[in-house]
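# A look at the structure
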Amino acid sequence: MRTITAILAVCGGVLVASGALAVAALPSPQTHFGFAPGADGKLLDYEQIVGYLKLLDERSPRLEMRQIGTSPLGKPMYVVFVSADENIARLDELHAINRRLALDPEIPEAERAGLVANGRVFVLETLSMHANELAPCQGFLQHAWELATTADPAVLAQLANVVLMVVPAHNPDGLDMVVENYRKYAGTPWDGADLPAVYHRYVGHDNNRDFVTLTQEDSRAIARLTSSEWFPQVMVEKHGMGGSGPRFYCPPSHDPITENIEAGLWTWIATFGTSMARDMHQDGLTGIAQHWAFDDYWPGSTETCIWKNVVGLLTENATVNGASPIFVEPTELVANDKGVVEYAKSVNFLDPWPGGWWRLGDAVVYELSSFRSLLRTASTYREELLRFRNDICRREVERGRTQAPYYFVLPPTQRDRGEWVKLVNLLLEHGIQVYTATERVTAGGRQFEAGSVVVPLAQPFRPFIKEVLEKQRFPLRHFTPDGEIIRPYDITSWSLPLHRGVTAEQVDVRAPELEKRLRRLEAPLALPAGPRELPAGSWGVAFSANENEAFRAAFAALKAGLPTSRIDKPLAVGDVTLPAGSFAIRPGADPRTLSKLLGEIGVPATVLAAEPAGLRQVKLPRIALVETFFHDMDAGWTRYLLDSYGVPFQVVHPGDFDKTDFAKTFDLVIFPSTDKNVLEQGRYKSQDHYYLPDLPPEFRKGIGAKGMEKLMAFFDTGGVILAWGRSCGLFLDGLEIQRGKDVTEDFRLPVSDIGDELGKKGLDVTGSWLRVKVLQDHPLTWGMPPESGVFSRGRPVFRTGQPAPDADRRVLASFPEHDILLSGYLEGEKLLANTAAAVWTRKGKGQLVLYAFAPQFRASTPATYKLLFNALLLPRL
Ligand SMILES: [Zn+2]
C-alpha cells in the first residue's frame, strides 16, 4: 500500500498550499474528529456526518446543504451542493437550465447554445444506501473538505464546470443502527458482528429494489431529485460488496441490458466508468473490475434514473467488518460471477489485488480516487453532457411520435379503482406527463370512455413509461454459442398494471383526434368522494371486496370498535353490485367515528339502507409476525404492508417461540418467506453444509423442538397459520402434536412440495409474473378475479393428495395448462401446468394457508394483497 500513502501525501501538499487561514477556519475531518474517517475501529454516525457538513456549509461559500425529505424513522435527509462559489450563488438559475434541457424538446438552436454555455453539469452522488457499506459515507467528508479548501487550479476549474449534489447518507436510519451495533461489540469477541435486524425501518437491503414502486420515504426523497426537482445529468450510487473478490467495481455493467434505453446513454456510462478505472489505476490502485456481476436490465435500484435519461452509475467497494480490518489469504480470492469467473488478469480485470490486509481506510482511499475521477470526467465533458441531455430528450420525444407504442390508456372502469388511482399518482410522482380524456375517444379502433387516463409516449421519460407499463420479455443472451444463458441480477417482471391488477391498453397507432381531447393532470388523481356521513335512517355502509382499500376500511373500523361484517354473497344496491366478501360496517355510538373513517378511505362507500342477508361478523385478529434476526427483508416488507393498511401485529422471533403461549395470545401466525433451517435451527443449510451468520449466539436461536410444540398446540386448538415461499417447508415434512406427557401424534398434511423434483427436470422461474386460475366464492379468495397473476420465484410447487380422516385441503389457485408466463422469464413452463399455487389445509380445528408465491412481494404486487388480507380475517373453525 506504499502507493496509497503517496497519493495522500500529494493531496496533503495541495491542501497546505491553499493557505493557513482557510485550513484553520475549516478544520479537516481529522482535526475535527481526532481521527481520519476510515481509521481502524472508528465509525461516524449520522449526526456526526451531518454536523461536520453543516460546519462546512456555514463556513464555506463552496457548499450549500438543503433538506430533501425525511427518513422513515424521522431523520432529516439532506443534499450537499459542492461547487465553485459563483455556481452555488446561482443554483436556482442553474436549476432552471437543467429542467429546460431535460424536458423541452423544442428549444431553438441559438437559445439552446446559450443554455449549454451557461449551464453546469450536475452530478448526484448518493452514498451508502446499504448501511454496512460504509466507505462512501465516511470517506466523503475528506473529499468535501478537500474541495472546500483546495487552491489547486485544476480542481478549481473542475468546480467551475460541475455542481456536485451529494446525499451524504442515503439511509440515515440504517447507518445509525449499524454504527451503534458496531460500537456495542467493538473490542469484544463479536467485534464486527452483523446487525441482528434489517438496517432500515422496514426493508433493509431491499431499499435498492424500491425505485419503481417508491414505497419508502427515503427512496421517494432521492427519486424526486432526478424525476421532478433537480434533473442532474449524472448520478452515481456508491455501494460496498464482499471482501474476498475484486476491490472495486466500475461500470459498464454486464449483460443483460434493457432494450428500452438508447445506445447514446450506455456510451456515456461507459465513458465515466472507464475514466474511473483509468484514473484509479493511475493512482496506483489494483483490483478494479468492469463488465462484471452487475447488470442494467432490471429497474428498481437507485439507478432507475437511467430510464429517465440520467447517466446513472453504480460503484462497489470491497468492505470490511464495520471498521475492523480483514485479512484475505491469496488462496481465498474469488471473482466467480458473470464477466470475471477466475480471479485472474482479464481484459476487464486488469490488475488483480494480491490479497493481504484490507482496512476501511483502504476502501476510503479507493472512494476518494473515484470521487475525484467523477468530478474530473464531468468537468472534461461539461458541454457535451449538457447537450446530450437535451439531445436524448428530443430523440425520445421523436421516438414517441413515430414508433409504437404511442399511448397507454387506463380506463376508469377498473375492478380495483383504488389501485388505478394509486398507479396514476405513482406515474405523476415519477415525473411522467399524464392526461385524462375529456370526452369519449377512439384510438386504435378502440373506444375509451371520458375520464380515461392517457399516457402518451412522446415525452422525455419515454424509456421509463415503456419499461414499467409494458409486460416484460426477458432478452435471451448467451455466454457462448448454444451455451448457458446470461441470467439476470434480480427479478424479471415489474409491469405496474399487471402487478396491480389494473387494466392498461397499449395503443400502437397514432391518434391525433385523441390528442385533441386530453387535459393534463396536474394534481394527484382522486375518485369522486362518497358519502362522508351516514344518511339518517340508513343501516350502515359497505366497501367492495374488490378494493384493497376496503381492507383498510375494515381494519380501521375494527380498531375503532365499529361492528364489522363480511357479506357472504353478492349484493345489488342500486346500480352497484357488491361482490361476495364485501364489508358491511355499522356506525357505533358516536357517529363521528364512522364519518372520520369515510373521510380517510380512498374509495367511496356504498350506503346500505337495511341490513343485508348473509352477514358474517369479523373480529380484529391478534396477529403474530415471525421475523428472524437474519436481515429478514420479506418480514420487513410484510411489516411495512401491515402498517400501511393499519393492521396491528406483534413481531415474534423464532428463539422466543418456546416462551410464547401462542394459543392464548394470538389468532393467527404469519411466516413470511424465509429459509426453513433459519427458522428451525438458526442457521442456513446448503446441500450438506450448514452456514452460520456473523451474529452473536443469542441471535442464532431457532424455533427448536419446544418452540414447535408451542406452535402446534396453537394450531391444534384452532389457530390459523399463514406461510408463503420458503417458509412453507416448515410444515410440509411431517409434524407432531403432543397429546399428554408421553403421547405424540405424528401427522402429515395432504400437501407436499414438488419444487425440487421439478427443478431437476428444468423448471426455472427468475422472479416472474405467472398466470393462475383462482377458486371463486371462497373466503380466502373473496375479491379476487377468476384469473390473476402471482409473483413467483418457482419454489415451492404444491401437490395435494387425499387427506387423512381428520384433515382436509382446498386448492385456492393453480397454474393453467398453457400460457402460464405473463411477464418475465420462465423455463420449463409445462412442468408447472396444473400444479397448485395456493392451498388451504386443515387438521382438526387448525388451519394452514400456504402460498407458493409472495402475495406482497416488495410491496409491489397489490393484485394479490387480497389473498393476504383475507387470510388475516379467516374465521376459526
Ligand atoms: Zn449495496
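Owing to the predicted nature of the structure, the values given are computational and were not obtained by experimental measurement.

Criteria and thresholds
- Sequence order as written defines the numbering, with residues in each chain counted from 1.
- Selection of residues for local features in this predicted model requires a pLDDT of at least 70, selection of side-chain atom pairs for listing and counting requires 80 or more, and totals for whole chains, interfaces and linings are taken over all residues.
- Here the side-chain values reflect all heavy atoms present in the structure, with hydrogen atoms and water set aside.
- Water is not part of the atom set, so a site may look incomplete; the donors themselves are N, O and S atoms within 2.8 Å of the metal, or 3.2 Å for Na, K and Ca.
- Only protein chains enter the calculation, and the probe is 1.4 Å; a residue is then buried if its accessible area is under 20% of its type maximum, exposed if over 50%, and partly exposed in between.
- How far each domain reaches was decided by an automatic or database domain assignment.
- Here, two residues are considered to be in contact whenever any of their heavy atoms come within 4.5 Å of each other.
- Once two parts are joined, some of their accessible surface, as seen by a 1.4 Å probe, is lost; buried area is that loss totalled over both.
- Here a polar contact means two N or O atoms within 3.5 Å. Within protein one must be a hydrogen donor candidate and the other an acceptor candidate, and residues neighboring in sequence count only if both atoms are side-chain atoms.
- Helix numbering and strand numbering both begin at the N terminus, where a helix is a DSSP run of H or I of at least 4 residues and a strand a DSSP run of E of at least 2.
- Paired strands, in this sense, are two strands between which DSSP finds at least two bridges.
- To obtain each axis, a line is fitted to C-alpha atoms, and for helices this fit is confined to the stretch in contact; angles are then taken between N-to-C directions over 0 to 180 degrees.
- Among buried residues, those of type Ala, Val, Leu, Ile, Met, Phe, Trp, Tyr and Cys that are joined through side-chain atoms within 4.5 Å constitute a nonpolar core.
- Every case where a carboxyl oxygen of Asp or Glu lies within 4 Å of a side-chain nitrogen of Lys or Arg is listed as a salt bridge.

### So, the coordination of the zinc ion
- Coordination sphere of the zinc ion, protein contribution only: His 130 (ND1), Glu 133 (OE), Glu 133 (OE) and His 239 (ND1), at 2.0 to 2.6 Å.
- Along the chain, the residues donating to the zinc ion fall in the pattern H-x2-E-x105-H.
- Of the residues examined, His 130 reaches a relative accessible area of 2% and is grouped as buried.

### Thoughts on the domain arrangement of the chain
- If you check the domain split of the chain, you get domain 1 (2-88 + 124-203 + 225-396), domain 2 (406-472 + 485-520), domain 3 (540-617) and domain 4 (623-872).
- The straight-line distance from the C-alpha centre of domain 3 to that of domain 4 is 30 Å.
- Facing the 14 residues of domain 3 at the interface are 14 residues of domain 4.
- When domain 3 packs against domain 4, close to 1,300 Å² is buried across both sides, 59% of that on carbon and sulfur atoms.
- Applying the counting rule to domain 3 against domain 4 returns five residue pairs in polar contact (both at pLDDT 80 or more).
- Of all the elements, helix α19 (residues 548-559) adds the most residues to the side of domain 3 that touches domain 4, at six residues.

### Examining the sheet that holds strand β1 (residues 63-70)
- The strand order across the open sheet built from eight strands is β1-β2-β4-β3-β5-β10-β6-β8, with neighbouring strands paired in mixed fashion. At either end of the open sheet lies a strand with only one pairing partner, and these are β1 and β8 (288-289).
- For strand β5 (residues 234-241) and strand β10 (residues 311-318), the ladder comprises eight bridges, and the chain directions are parallel. If you follow Met 241 over to β10, its bridge partner there is Ala 318.
- Across the sheet, helix α13 (residues 360-380) lies against β3 (121-127), β4 (162-167), β5, β6 (248-249) and β10, angled at about 165° from β5, the strand it touches most.

### What about helix α16 (residues 462-469)?
- When you tally the buried positions in α16, you get eight out of eight residues, the bulk of the element.
- Taken as a whole, α16 has its buried residues at Arg 462, Pro 463, Phe 464, Ile 465, Lys 466, Glu 467, Val 468 and Leu 469.
- Where α16 is buried, its residues meet α14 (382-402), β13 (407-410), α15 (417-429), β17 (453-456) and α17 (496-500).

### Description of the nonpolar core
- Phe 543, Tyr 851 and Leu 872 are the most contacted members of the largest nonpolar core, which has 229 residues in total.
- With ten residues, α13 is the single largest residue contributor to this core.
- The contacts of Leu 872, once residues within four sequence positions are left out, are Phe 555, Pro 621, Ile 623, Leu 642, Val 647, Leu 668, Ile 670 and Leu 722.
- Among the nonpolar cores identified, the runner-up in size contains 32 residues, and Met 708, Leu 711, Phe 715 and Phe 731 belong to it.

### Considering the pattern of salt bridges
- For the structure on display, the rule yields 62 salt bridges.
- The shortest N-O distance in the salt bridge between Glu 111 and Arg 100 comes to 2.7 Å. A residue pair is termed long-range when its members are at least 10 positions apart, and Glu 111 in helix α7 (residues 109-118) and Arg 100 in helix α6 (residues 91-103) qualify at eleven residues.
- A relative accessible area of 27% places Arg 100 in the partly exposed class.

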